[in-house]
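Overview (structure and organization)
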Amino acid sequence: MTDKRLIKKYPNRRLYDTAISSYVTLEDVKGLVLDGVDFEVTDAKSGADLTRTILLQIISEEEEGGEPIFSSDLLAQIIRAYGGNMQSLLTSYLEKSMALWADQQSALRERARTFMDASNPVSMLSQITEQNLSMWQQAMDRYRRDQAPPSSSDDESAGDNREDER
């Protein structure tokens, strides 16, 4: 098991990555997040955990530039949830929702990768088309069978039944 990467925040607001013995920026920390690196940010003096604060700062900067994820209404609802008896439930719900979303994105990327990794994309599309046509043909055959008039053998057996009734 690997240890968490330690980043220290100094009073001058600079972040120092102890793993690479170098100062880093919020953009560098964002890169760690995107790379899935497990890290912790601590106050260099007190040792207090500042990881959430730094992550919120990164989110804040992302929200300012480009297309935001959080609408004003959503942010207001989150603020209203603080301190309420449902706060922990909301936290759990959001975490599980994000995990599900990440799983779905991963599955979608894998399907796209499988499709793109095919040695011949035209061949792959041809196979998909043939499978679809086969399913349509089977459905049409069932439809025709269901719509067809009764066969003569069915008529004869029906006629035999009518004679038995007399």
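Being a predicted model, the structure only gives us computed values, none of them experimental.

What follows concerns the overall build of the protein. Across its full length, the protein carries six helices and four strands. Taking all 166 residues of the protein together, the buried fraction comes to 10%. Long-range contacts, defined as pairs at least 24 residues apart, comprise 39% of the intrachain contacts of the protein with a sequence gap of at least 6. Summed over its atoms, the accessible surface of the protein is roughly 13900 Å², and 53% of this surface lies on carbon and sulfur atoms.

Moving on to the sheet that holds strand S3 (residues 22-24). Spatially, four strands are ordered S3-S2-S1-S4 in an open sheet, and the strand pairing comes out mixed. Strands with a single pairing partner mark the edges of an open sheet, and in this sheet they are S3 and strand S4 (39-43). Pairwise comparison of adjacent strand axes, ignoring direction, gives a mean angle of 35° for this sheet. Pairing of strand S1 (residues 5-9) with S4 involves five bridges; the strand directions are parallel. The residue bridging Lys8 from the neighbouring strand is Thr42, located in S4. Set on the sheet, helix H2 (residues 51-64) makes contact with S1, strand S2 (15-17) and S4; between it and S4 the angle comes to about 105°.

Counting 11 residues, the largest nonpolar core consists of Ile7, Leu15, Val24, Leu26, Val29, Leu32, Phe39, Val41, Leu50, Ile54 and Ile58. Contributions of two or more residues to this core are made by helix H1 (26-34), S4 and H2. Ranked by residue count, the leading element in this core is H1, at three residues. Sequence-distant contacts of Val29, that is, excluding residues within four places in its chain, are made with Ile7, Leu15, Val24, Phe39, Ile54 and Ile58.

What counts and what doesn't
- Residues numbered from 1 in each chain as written.
- Predicted model: local features only at pLDDT ≥ 70, side-chain atom pairs only at ≥ 80, totals over all residues.
- Heavy atoms only, no water.
- Helix = DSSP H or I, 4+ residues; strand = E, 2+ residues; numbered from the N terminus.
- Buried < 20%, exposed > 50% of the residue type's maximum accessible area, 1.4 Å probe, protein only.
- Contact = heavy atoms within 4.5 Å.
- Areas by Shrake-Rupley, 256 points an atom, 1.4 Å probe, with all protein chains shown as cover.
- Pairing = 2+ DSSP bridges.
- Axes fitted to C-alpha atoms, helices over the stretch in contact; angles between N-to-C directions.
- Core = buried A, V, L, I, M, F, W, Y, C linked by side-chain atoms within 4.5 Å.

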